[in-house]
Amino acid sequence: MTVPFLSFSPQHDPIRTEVLAAIADVYDKQWYVLGEQVKAFEAEYSAFNQVAHTIGVANGLDALHLALLALDVQPGDEVIVPSNTYIATWLAVSYVGGVPVPVEPDAHTYNLDPALITAAITPRTKGIMPVHLYGQACAMGPIMEVAKKHGLWVVEDNAQAQGAAWEGGFTGTFGNANGTSYYPGKNLGALGDAGAVTTNDAALDAKIRTLRNYGSQQKYYNEIIGQNSRLDELQASVLRVKLRHLPEWTRQRQQVAAWYNQYLTGLGDLLLPTVAEGATHVYHLYAVRTAHRAALQQHLTDQGVGTLIHYPVPPHRQQAYAHLNMPAGAFPIAEEIADTALSLPMWPGMSEEQVARVAAAVRSFFA
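Residues numbered from 1 in each chain as written. Predicted model: local features only at pLDDT ≥ 70, side-chain atom pairs only at ≥ 80, totals over all residues. Heavy atoms only, no water.

Looking at an unreviewed UniProt entry, the protein carries the name Aminotransferase, with the source organism given as Hymenobacter lapidarius. The UniProt entry for the protein carries this comment under Sequence similarities (unreviewed entry): "Belongs to the DegT/DnrJ/EryC1 family." (UniProt positions renumbered as here; feature names shortened; annotations may be inferred.)

The alternating pattern of strand 13 (residues 341–344) places A341 and S343 on one face and L342 and L344 on the opposite face, and all of these are buried. Pairing between strand 12 (residues 286–289) and strand 13: four bridges, direction antiparallel. Residue pairing across strands places Y286 opposite L344, the latter belonging to strand 13. (Buried < 20%, exposed > 50% of the residue type's maximum accessible area, 1.4 Å probe, protein only. Helix = DSSP H or I, 4+ residues; strand = E, 2+ residues; numbered from the N terminus. Pairing = 2+ DSSP bridges.)

Interface size, as often reported, equals the accessible area lost upon joining of the parts. Taken domain by domain, the protein consists of domain 1 (8–240) and domain 2 (246–366). Once you take the C-alpha centre of each, domain 1 and domain 2 turn out to be 24 Å apart. Taken together, the contact between domain 1 and domain 2 spans 37 residues of the former and 36 residues of the latter. Inspection of the region where domain 1 meets domain 2 yields zero salt bridges. For the pair domain 1 and domain 2, the interface holds 17 residue pairs in polar contact (both at pLDDT 80 or more). Within the residue set of the side of domain 1 that touches domain 2, elements represented by two or more residues are helix 1 (9–12), helix 5 (88–95), strand 3 (99–103) and strand 6 (165–166). Of the residues forming the side of domain 1 that touches domain 2, the biggest block, three residues, is contributed by helix 5. Tallied by class, residues from the side of domain 1 that touches domain 2 come to 20 nonpolar, 14 polar and three charged. (Domains from an automatic or database assignment. Contact = heavy atoms within 4.5 Å. Salt bridge = Lys/Arg side-chain N within 4 Å of Asp/Glu carboxyl O. Polar contact = N/O pair within 3.5 Å; in protein donor to acceptor, adjacent residues only side chain to side chain. Nonpolar A, V, L, I, M, F, W, Y, C, P; charged D, E, K, R; others polar.)

Turning our eyes to something else, we now look at the pattern of salt bridges. Here the structure, examined in full by the defined rule, presents 10 salt bridges. The closest approach of N and O atoms between D25 and K29, which form a salt bridge, is 3.4 Å. Highlighted residues: D25 and K29, both in helix 2 (residues 16–29), separated by four residues, approximately one helical turn. Taking the shortest distance from any N to any O, the salt bridge between R209 and D205 comes out at 2.9 Å.

A grouping of Y27, Y32 and V33 is seen on the molecular surface, where their side chains present a nonpolar patch of about 330 Å² in accessible area. Locating Y32 in the fold gives a position in the loop between helix 2 and helix 3 (36–49). Among the residues examined, Y32 registers a relative accessible area of 38% and is labelled partly exposed. (Patch = residues over 30% accessible without salt bridge, like charges linked within 9 Å, V, L, I, M, F, W, Y side chains within 5 Å. Areas by Shrake-Rupley, 256 points an atom, 1.4 Å probe, with all protein chains shown as cover.)

We now examine the UniProt feature "modified residue: N6-(pyridoxal phosphate)lysine" (unreviewed entry) in the protein. In this numbering, the UniProt entry assigns the feature "modified residue: N6-(pyridoxal phosphate)lysine" (unreviewed entry) to K186. Relative to the assigned elements, K186 resides in the loop between strand 8 (178–181) and strand 9 (195–199). Here K186 is in contact with A159, Q160, Q162, S181, R253 and H284, once residues within four sequence places are set aside.

With that settled, consider helix 7 (residues 202–212). Those residues of helix 7 not exposed but buried are L204, D205, I208, T210, L211 and R212. The elements touched by buried residues of helix 7 are helix 3, strand 1 (53–57), helix 4 (60–70), strand 9 and strand 10 (216–218). Of the residues flanking the start of helix 7, the one acting as N-cap is D201, its side-chain oxygen 2.9 Å from the backbone nitrogen of A203. In the stretch just after helix 7, Y214 is the one whose phi turns positive, near 65°.

Our focus in this paragraph is the sheet that holds strand 3. The four strands are arranged 3-2-4-5 in an open sheet whose pairing can be described as parallel. Looking along the sheet, the strands with just one partner apiece sit at the ends: strand 3 and strand 5 (153–154). Direction of pairing for strand 2 (residues 78–82) relative to strand 4 (residues 125–128): parallel, over a ladder of three bridges. Its bridge partner being in strand 4, V79 is matched across the sheet by G127. Lying over the sheet, helix 5 contacts strand 2 and strand 3, oriented at roughly 170° with respect to strand 2. (Axes fitted to C-alpha atoms, helices over the stretch in contact; angles between N-to-C directions.)

This is the structure we're talking about:
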């Protein structure tokens, strides 16, 4: 039995008729941008996420970018970001001329460590961008306390964690404005690029809606310099169908993770995901760690098991950020995670037999 890293079939096959009917409805109504499907999805996602406003945009990076524009980040403003994250978080800061200031993660959860934030704050610091990495909620209580104490705004990067919670509050509801992604591989995935901003602030909601649409509230009348970043009707119609199934898909992801935990505990130096007290994990990824990653990945490939590395190079070591002069060793926790993390197959509908097959291959390596 081969096990791919990701399979859409267990999700997509049962809802094929629903999705095609939704697409056909958009096709037949001949309204393709900012229509009733986007409006309905925004309302339904707001209800799901227990947030006042959702603004559909073109992708997750645009969501973060528009949030920072709405918060009036100026060139030279510093924004605290995780040292351990996908580069999109940093790019959004760079897009508005801000300076990303990395802070190390908690070595167990891989999320931004609230205890390290204060030391990174300077008079130029304007905000904090925590990332709910791999699907686990950050410690948003302590992060919000630091932000409040220092008068900083917060923008959550919720691209990997739709439906996760910190002490009962959903990710994407704590920050002033928060970005999420509906890239196809996300827990809630479109059939192409798509994203959204969530906020409880009515003024930010209005500003971001204007920014996403050329800076216009009324066609051909442009109040501010805006962007063209709109969730289209076809993707919104697909997301409406999928959103109805997301709670069950989350339950299935958590069951797959529980099977992995059962089968993989106690193998060599293999570190399994740790869920912090107060947080829930929706397992966008099931990432393990080992000093023998390269050999393990090759062994699993030979055994017909697909894996991926998230992420092999931390942002501060990317060529794009060479101008920040952050040498190797500057952020050792992020670098160690980048050198040792390996994501195992994870998707809704994955069977216990498939998990056992992956686990058997991992066990044979450590044996």
